[in-house]
Amino acid sequence: MKVRAVYPGSFDPITNGHIYIAERAAAVFDEVIVSVLVNSNKKSTFSVSERCAMAREALGHVKNIKVDNFNGLLIDYARRENANVIIRGLRAMSDFEYEFQMALMNRKLAPDIETFFIVTDPKYSYVSSSSIREIFSFGGSIEEVVPPIVYSKLQEHFKK
């Protein structure tokens, strides 16, 4: 039986930490769907199509990863995609507390879908999309923690 996993997130923008988690998941599962969350309540720096395009370019080297987007409940999306695993990345204990609560809620809603936690490489443990945007907007160096496409798109975005 093929195991299909969903790795959801806002990916605004995708970072090397996200890529590390996606690559690790792809090594374990038959197929991984990196799915960009469409959240109308949240002001994103990049549009959904831009975030998907950056993720596709950054993850194009991994054959069993596809990039998609969704809105609504993650569990409903996972069911539509016939996924039986949700991937969540962990950087620190503070991430675990939040992710643990979400995993329990998802388990209540869909006991047949497992949550799989992957701990990031320590060199990315401090990296978040929001910190990347902030550091870059003030002229800080972020080239070591984002793929080249993201660096390029951030340069374009902040020139506006």
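Residues numbered from 1 in each chain as written. Predicted model: local features only at pLDDT ≥ 70, side-chain atom pairs only at ≥ 80, totals over all residues. Heavy atoms only, no water.

Asker: What exactly am I supposed to notice about the overall build of the protein chain here?
Answerer: A count of helical and extended segments in the protein chain gives six helices and five strands. Going from the N terminus to the C terminus, the protein chain shows its helices and strands as β-α-β-α-β-α-β-α-β-α-α. Relative to a compact globule of 160 residues, whose C-alpha radius of gyration would be 15 Å, the protein chain shows 15 Å and is just as compact. Along the longest, intermediate and shortest principal axes, the C-alpha atoms of the protein chain span 45 × 30 × 30 Å. Within the protein chain, the fraction of its 160 residues that count as buried is 42%. Expressed as a percentage of contacts within the protein chain between residues at least 6 apart in sequence, the contacts between residues at least 24 apart total 76%. Split by element, the accessible area of the protein chain, about 9,000 Å² in all, is 53% carbon and sulfur. Positive and negative side-chain charges of the protein chain, numbering 20 and 19 respectively, have mean locations separated by a distance of 4 Å. (Helix = DSSP H or I, 4+ residues; strand = E, 2+ residues; numbered from the N terminus. Rg over C-alpha atoms; globule rule 2.2 N^0.38 Å. Buried < 20%, exposed > 50% of the residue type's maximum accessible area, 1.4 Å probe, protein only. Contact = heavy atoms within 4.5 Å. Areas by Shrake-Rupley, 256 points an atom, 1.4 Å probe, with all protein chains shown as cover. Lys, Arg positive; Asp, Glu negative; His and termini not counted. Charge placed at Lys NZ, Arg CZ, Asp CG, Glu CD.)

Asker: What am I meant to see in the pattern of salt bridges here?
Answerer: One side chain can pair with another of opposite charge once the charged atoms of both are near each other. Tallied over the full model, the rule gives nine salt bridges. Here R4 ties to E31 by a salt bridge, and the two come within 2.9 Å at their closest N and O atoms. Placement of the pair is R4 in strand 1 (residues 4–9) and E31 in strand 2 (residues 31–37), with a sequence separation of 27 residues. A residue is classified by how much of its surface remains accessible, and E31, at 22% relative accessible area, is partly exposed. Across the salt bridge formed by E99 and R88, the nearest N and O atoms sit 2.7 Å from each other. Of this pair, E99 sits in helix 4 (residues 93–109) while R88 sits in strand 4 (residues 85–90), and the two are 11 residues apart along the sequence. Look at the salt bridges and you will find they share partners, linking R4, E31, K66 and E81 into a network. (Salt bridge = Lys/Arg side-chain N within 4 Å of Asp/Glu carboxyl O.)

Asker: Explain helix 1 (residues 16–28) to me, please; I cannot follow it from the model alone.
Answerer: The end-to-end C-alpha distance of helix 1 is 19 Å, a good match for the 18 Å that 13 residues give at a rise of 1.5 Å each. The N-cap residue of helix 1 is T15: its side-chain oxygen and the backbone nitrogen of G17 are 3.2 Å apart. (Expected span 1.5 Å × (residues − 1). Polar contact = N/O pair within 3.5 Å; in protein donor to acceptor, adjacent residues only side chain to side chain.)

Asker: It is not clear to me how unusual backbone geometry should be interpreted in this structure. Could you clarify?
Answerer: The phi angle of most residues is negative, glycine excepted, and most peptide bonds adopt the trans form. In this chain, D12 is followed by P13 through a cis amide linkage whose omega measures 5 degrees. With respect to the element layout, P13 can be found in the loop between strand 1 and helix 1. Its identity as a non-glycine residue notwithstanding, F11 has a phi of 45 degrees, on the positive side. Note on placement: F11 falls in the loop between strand 1 and helix 1. Residue classification places F11 among the buried residues on the basis of a relative accessible area of 2%. Phi at N82 takes a positive value of approximately 55 degrees, unusual for a residue other than glycine. Tracing the backbone shows N82 in the loop between helix 3 (74–80) and strand 4.

In short, the description is geometric, and any link to function would need to be established separately.
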